[in-house]
Every structure is written in C-alpha cells, then in structure tokens.
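Descriptive structure summary
Residues per chain are reported as follows:
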Amino acid sequence: MKTFRFVLSLSITLALGVAFNSKIGVIPPLGKFLSPFHGFWQNAENESIDIESKSLDEQLQDSVNVYFDDLLIPHIFAQNESDLFFTQGYVTAYHRLWQMEFQLYSAAGRLAEILGPTIGNTSLVDIDRKTRRIGLMYGAKKSEELFKKEEPEVYKLIEAFTAGVNAYIESIDYKDLPIEYKLLNYEPEEWTPLKCFLLISNMNNMLSRGERDLEHTNALKKWGREVFETLYPERPDTIDPVIPKGTVFDFEPIQVEKPDVSFPIEFVNPTIAPPNPDNGSNSFVVNGEKTANGRVILTNEPDLSLNAPSIWYVMHLNAPTINVMGATLPGGPGVTIGFNDSIAWGNTNAKRDLVDWYYIQFKDENREEYLYNGNWISTKKVIEEIKINGSFSYYDTIIYTHHGPVVYDRNLYGNETDLINLAMKWTAHEGSKEIKALYLGNKAKNYDEFVDAFSYFGGPPQNYSFASVNGDIALWINGKFPVKWQEQGKFLLDGSKIEHEWQAYMPQSHNLHVKNPPQNFVSSANQHAADTLYPYYQYDYSYEYYRGRRINDRLRIMDNIEVEDLMELQHDNFNYNAFEMLPMMLDSLDSASFTELEWKYYNRLRNWDYFSGPERQAPSIYEVWLRKLNAKLWDEIDSADVSVYRPNWYTTYSILKNKPDFFMVDNQFTEIRETSGDLYRLTFKETIQYLEEYLQKEGNSLLWYTFKNTTIRHLLRLSPFNRSGVKIGGNRSIVNAASRTHGPSWRMVVELGEGEVNAWGVYPGSQTGNPGNPMYGHMIDDWASGAYYKLLFKSSISSNDEEIIHQITLRP
C-alpha cells in the first residue's frame, strides 16, 4: 500500500501543479482533499478490485452474481434482463463513473460549468456554445421521446441501467469518489435515461458530423470549378470499395431530380472545425474456405482517440434470454462491439455526408420569421444558459428552423458574420433507435435476426461486419441515408428553396450489403462504399485511401488462415502511402551533388521496405519530409483569406505525379516558379537540417516509436495520468493506425464454429479508470506489442474458475 500511496501522492502533486497553472476551475477544499481518511489518499488502492456485495432494497427482482476475472472484466449473471442492465449500470459506474459523466458534460456543452471559463487561451464558453448550437442534446431529446412513444419495453431497460448507475452513486461518499471529482471540486449528479441517448449523440458528433460544405463553397468561389476538381476529386480510379466491385443491385432506386442550381452563394469564414478526420476503423471477416480449420474468423479495430480512461469497457452479460460479451460504451446499456453464442459483429465508420448547411434569409433583424418556398415561416428561439463554475452564467440565443438550428449567425462570431445565417440539417437531429438495434443485435442468433436488429440503427452510419457459427459472413452498411441529387450538400444550399430539401430517405433494403461473397471475405476500412454501379449518389470528403487497399491485397492472397494470421494483419505496419510516393520523391533528387550526410539519409530511405515498425528510422525521416513537402506545396491554402483545407494525401500524390506544373506547386513566397521536383529537393535538405538539429537534443533519436511518441492521454490532459512513448509502430493510413494520440482503441478477434466461440481482445488501457489502481493502464504494453488476451466466455461461471479473482452478489 505504501508504494501505491507514494506514487499516487507524487502524481497528485504534479497534477495539481498542472491544473492550477492552467487555471482549471476552482482549487478544491484542501483540508478535505488532503485528508488521509477522505481525500485523494483513498484513491490509492492496494488491491485491484474492492467492490463489495450489497443489498439494494426493492431495486432488484432477484439476486445477481458478478464475477471479475483477472483482467477485471465483469461477468454479470442475472435471472432477468431488467436486473442484468441494472447491474451493468452499477458495475460500469464502479469502474468508470467520472468518465461516464465527464464525456456527457462535454456533449451537453457544460465544460465551463466544471472547468471554468478558460483553459490557457482556450475559451470553454465558446466550446460549450458551439456544442449546444450543433444540437447534440436536441437530437438526444428527440430519440428519448421516440423511445417513450414507440419502444416502451426497451426504454424500461434503459431506466433499469439508469437506476443501477444511481444506486452506485448513492452507495458512495466523498472518499470513494474518483480522484478527478476531488481535483475539480464537484460531485456526480443523478444519472438519467436522457444521458444514455446523449451518449449516442456524442458518437454521432465524433463519427457522422464531418463535412466540408462551407470550405468547398469558399474554394469553388475563390478558384473556380477546374481547380476545385483538382483539389477535391470525388472518386479516384484506384478505389477498392467496401462492397466488392461489380456487385449487382437488384432494386428500383428512388429517383430525385437535380434542380437548376448554381454554386456557390456566400463566403463563410471562419468555419467550425470538423471531428478528427482520423476517426475510423478496420474490420475484416474470412469464411471457412480461407481458414485452416474451416471456421469463420471476424476481426474489428475501431481507430479513435487514445484516451485514459479508455473509450471502451469490456463486459459479459448473461441472463436466460441473452449471453453476450464485448466492448461497451460506458454510459449506455448493452454491448456495442462483440459476440454471443451464435454470431459476432464489428463495425467501422461508414463515410457519408449527412450534414448540410442552408443559407437562411430572415424577414428582419428580429429573426422571428424566415423565407421558405415563398412564405415567411416562424422560427423558434431557445435561450441556453451556460453556467460557469458556479459563479455566473452566459446566455446564448439559438434560433431553430425546420432545417435545424441556426449555428452560424451574428451571435456566434459577432460582426464578422452579421449577414450570414446558416442552419444545420443533420440526421443526428432526428430521433433514432440505436439502443434498440444493439439490444436486438446482442440477442441475435443468425443472419436474418442480425439484419432485422440493425435495421433500427440510424447513426452514426456503420459498416457492420458479421459472422456466425453456421459459417455465414456478411457486411451491411447501416444508417439513415437521405436520397440526394448529384452534389447536393457538397456546397452551401439555399434554405428558401424547397427543391434544395432532402426529398426522401433510402429504404433500409437499399442500404449496401453483401452476404457470402465469392471472394470468401468481407472488409471495411472507411473507404468508398461501392463502385459506380450503385444507383444512389454517395459522397464524403474524407474517405480513406490506403488501409482498405492493403487489407484487401493481403486477404486476396491469404489461405489456410489461422487466428494468429489475422492478429498479425491487424498489426500490419506497411506504409502504402510511402510505397507509392517515396520512389517518386527519391528519383527527383540530384544525387550527383549529395554531401556525405545527404547520402546517409538518402540510403536509409532508399533501402526502406516501407514497414513502419517501432524501431525503424526511415519512417521518422519520411514523416518529416512529407510534412515539409505538404506545407510548401499547400502554402496557398494555408494562407488563404477564407476557410479552405488541404487535399488528402492520396490527392496530393496524384497531383504531384500527374500535374507537376499545377499552379499551387509553385511556392508563392519565392520569385522563381517551382515544379514538384524543385519542392522535393528543397524539402529534402530542410528535412535533414531539421532532424540533425532534433538529434542534438539529449534523449532524441530517430527510432520511430520515440519520434512518433504515441501517447495515451487522460481526458483532462493531466500528464501524470498519461502514458507517453508507447513502443508501437504504424501511423495514420496504416492498418496499424497508431498515430501520436489516435489509433486502435479496441482490438477483437472472434473465431466461430459449430458449438464453439473463441475470442481474444485487448485495448490501450485498463478496465479501471482509477490512476491509483495497480492495474491502471496495464494492457498498454501488450496492446502495443501485438499480444492479445483470451476472453473468458461461457454460459456459466463460478468463483472456482481459475480466471476469477473476485465475486460479488447484489441482492434485492
């Protein structure tokens, strides 16, 4: 105990320094905080788990047994579903209460309420205002209303989960609170069913809000159509889509006619930043024709922020009607990615533009009416109170139209955008039934039940991979998709014209899907969904161009596959971008004039096999060269007087290869006109100079893992609770997509055959969210090295099983 108390004491001392220097919130009452009986000392744990059995008066129908294995995964065995989800809420709160609540403070636009008005130079009030304006709570309330009206039985289970969270909150006092509450001097509030729906809205914000409509409008107006198409092409010839090329679509699509429309309408500057474009995932499934033992194997790897506590919390839920295991989202009922006795499923983000912006014309400065289809329509005004650390409040008026909230207006940016009023239309603003989809999916026994379950999934759209014990494999792209005419929503739309509206939604049966394809595998990695044979317009600004091609290249040639082979593929470090681009860059250099130092760097790159392993040096050199090349190439974009954005890496490669004299290749800050070759040579020299200076600093090296510095960051960004310098290779656009703060947030491999399900998993963190727990972050090194844990999954478990280290019983 002394060791853990010392380590935690040191961490808290450092953390307080960071927190106070950053002016986060209010200093906690130090007497209470430092008390050995109630304060942060109580968060130092000698044992990895200390939750106790408990009697919960009238909150359960029957006793529930919870078995914790040596990974701290809870296996909950209940006699009915209500008790099962109650206990899920109770146990999740035990390990992750602060995380559950904090992430929803963020989604609700309430960060200033607990952290104060600013952190450094960042205004949390402005962040909260923007969060409320994009309507996460607005969408959550719509979903809750829908469940109350149409899904009362499932809503009862959400209420049971909520009651479990509250039962845990009521069972603890100050000394038991997670340390973050003590650092920030606040306490948990009552959990509500609405928060479970807000959790889904938060996932929509991460995964389906991405768009560049306004930046596209700016670029088109500034440079014209030809330059726009060069910078932001829709569909390169080399795509390897999610649904295999040549798939026949046997249905009559809904037709929408494109109106006589001209783009653009207005410049908009600045624009709200999109979610992290690296949010994505990999999933691939092989059938028995490709495996050594004839069983099917499903893998999944959601690539998201590398947070502490982790985004995921692994659980096993068992009742007479359900036996399911996998990764859950702390704060919501059921398993999000996982498997049961009969099937397994995974998902990756299905890229599609689901946010459109509408230019709004108000009747006058009172903004009580707006023009639509020749009529003046009444608006709705909502006054949002943003509480600031218990001291004062800021009030923001948000105007709602039938399109959605007016996000951009005179209140958001002041006089700069007085005349710009833009309403946001987003599928996430409409009520949807994702929690029902997961509930039914957790219980599905075959392909048909899986399809029926996830037909209720509205968003964020996902490529759902599927495997079953009977040998079926499949992939469905599930979500709510508006039927759009060509380029609808790619640019700013006119909110006064009815023909600019979404006219219909695709029938669920028209969603892209494939079952048991001739290639004997399915895969998805956030690339284009289908080829041009698909009769609906499909567009997104941020398709992935490398991971999907690499995965499919490998799967096409792999046979006699074993579980370990697909684990290895999940950790594949091949840099497809470098494979295509680096030879072109190296061939442009004038080696006849090389210095000895330049030869050294050149040879390291020329002899590289394009694998970005953790102890390679070439990836570090290439990364710096690519960054400097990108900055020099796109200086016109970076210095533009309106909001635009750099083309993706694949488009950059294509322009440099096929249009070396494109006007933006020329460096606008020099007098001569450069070609791509000039940029390669200039930035190669700059790269060497940068790295030589970098190596002069003590402790620096070119080893890829130290240079990249993959870091698991605490949600409060408190460095003592972070883990930096993780020894892992890969990078963005590599199958092993571990960049500095982003990457594989959960890795799962499931093998299914008649009568048997075997599963393995790992993630960069731990089940416990307490930095004072001896198992805090214990899986990180295994995750980085490619190791997996065999998951304990049985229909019955007892305390006598060797993997079980702790048992509790919750009694009525």
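Residues numbered from 1 in each chain as written. Predicted model: local features only at pLDDT ≥ 70, side-chain atom pairs only at ≥ 80, totals over all residues. Heavy atoms only, no water.

**What about the sheet that holds strand E1 (residues 54-55)?**
One open sheet accounts for eleven strands, arranged E1-E31-E2-E3-E9-E10-E11-E12-E20-E21-E23; its pairing is mixed. If you trace the sheet from one side to the other, it starts and ends with E1 and strand E23 (513-515), each paired once. One ladder, built from seven bridges, connects strand E12 (residues 343-349) with strand E20 (residues 462-468); its direction is antiparallel. Within E20, the residue paired with Ala-344 across the bridge is Ala-467. Along the sheet, helix H3 (residues 81-107) makes contact with E1, strand E2 (64-69), strand E3 (74-77), strand E9 (313-319), strand E10 (322-328) and strand E31 (804-811), crossing E9 at roughly 160 degrees. (Pairing = 2+ DSSP bridges. Helix = DSSP H or I, 4+ residues; strand = E, 2+ residues; numbered from the N terminus. Contact = heavy atoms within 4.5 Å. Axes fitted to C-alpha atoms, helices over the stretch in contact; angles between N-to-C directions.)

**Quick word on the pairing of E12**
With seven of seven residues buried, E12 lies mostly within the body of the structure. The side-chain alternation of E12 yields two buried faces, one formed by Ile-343, Trp-345, Asn-347 and Asn-349 and the other by Ala-344, Gly-346 and Thr-348. In this sheet, E12 lies alongside strand E11 (residues 337-340) in antiparallel orientation, the contact comprising two bridges. Bridge assignment links Gly-338 to a residue of E12, and that residue is Trp-345. Count of turn residues in the E11/E12 antiparallel hairpin: two residues. (Buried < 20%, exposed > 50% of the residue type's maximum accessible area, 1.4 Å probe, protein only.)

**Remarks on helix H9 (residues 193-207)**
Relative to the 21 Å expected for 15 residues at 1.5 Å per residue, H9 spans 22 Å between its end C-alpha atoms, a close match to the ideal helical length. With 14 of 15 residues buried, H9 lies mostly within the body of the structure. (Expected span 1.5 Å × (residues − 1).)

**Comments concerning the packing of helix H6 (residues 136-150) against helix H7 (residues 152-171)**
When two helices pack together, their arrangement is captured by the angle between the axes and the distance separating the axes. H7 packs onto H6 with a crossing angle of 120 degrees between their chain directions and a minimal axis gap of 6 Å. By the criterion of interaxial angle, the relationship of H6 to H7 is oblique. Where H6 abuts H7, its residues Glu-144, Phe-147, Lys-148, Lys-149 and Glu-150 lie against Pro-152, Val-154, Tyr-155 and Ile-158. For the contact of H6 with H7, the per-class residue count stands at five nonpolar, no polar and four charged. (Parallel < 35°, antiparallel > 145°, perpendicular 65-115°, else oblique. Nonpolar A, V, L, I, M, F, W, Y, C, P; charged D, E, K, R; others polar.)

**A word on the nonpolar core**
A general trend in soluble globular proteins is that nonpolar side chains are found buried together. The biggest cluster of nonpolar side chains holds 183 residues, and the ones touching the most others in it are Phe-339 and Phe-450. With 14 residues, H3 is the largest single contributor of residues to this core. Leave out the neighbours within four places in its chain, and Phe-450 touches Ile-343, Trp-345, Ala-444, Tyr-464, Ser-465, Phe-466 and Trp-476. (Core = buried A, V, L, I, M, F, W, Y, C linked by side-chain atoms within 4.5 Å.)

**Topic: the confidence of the model for the protein chain**
Where the model shows low pLDDT, its predicted coordinates should not be examined in detail. In this model, the protein chain carries an average pLDDT of 92, and 93% of its residues clear a pLDDT of 70 or more. pLDDT under 50 marks residues 1-26. Its contacts with residues more than four places away, or in other chains, come to 50 contacts. Here residues 33-39 is a poorly scored stretch, pLDDT under 50, and it has 22 contacts once near neighbours within four places are set aside; other chains count. (pLDDT = per-residue confidence, 0-100.)

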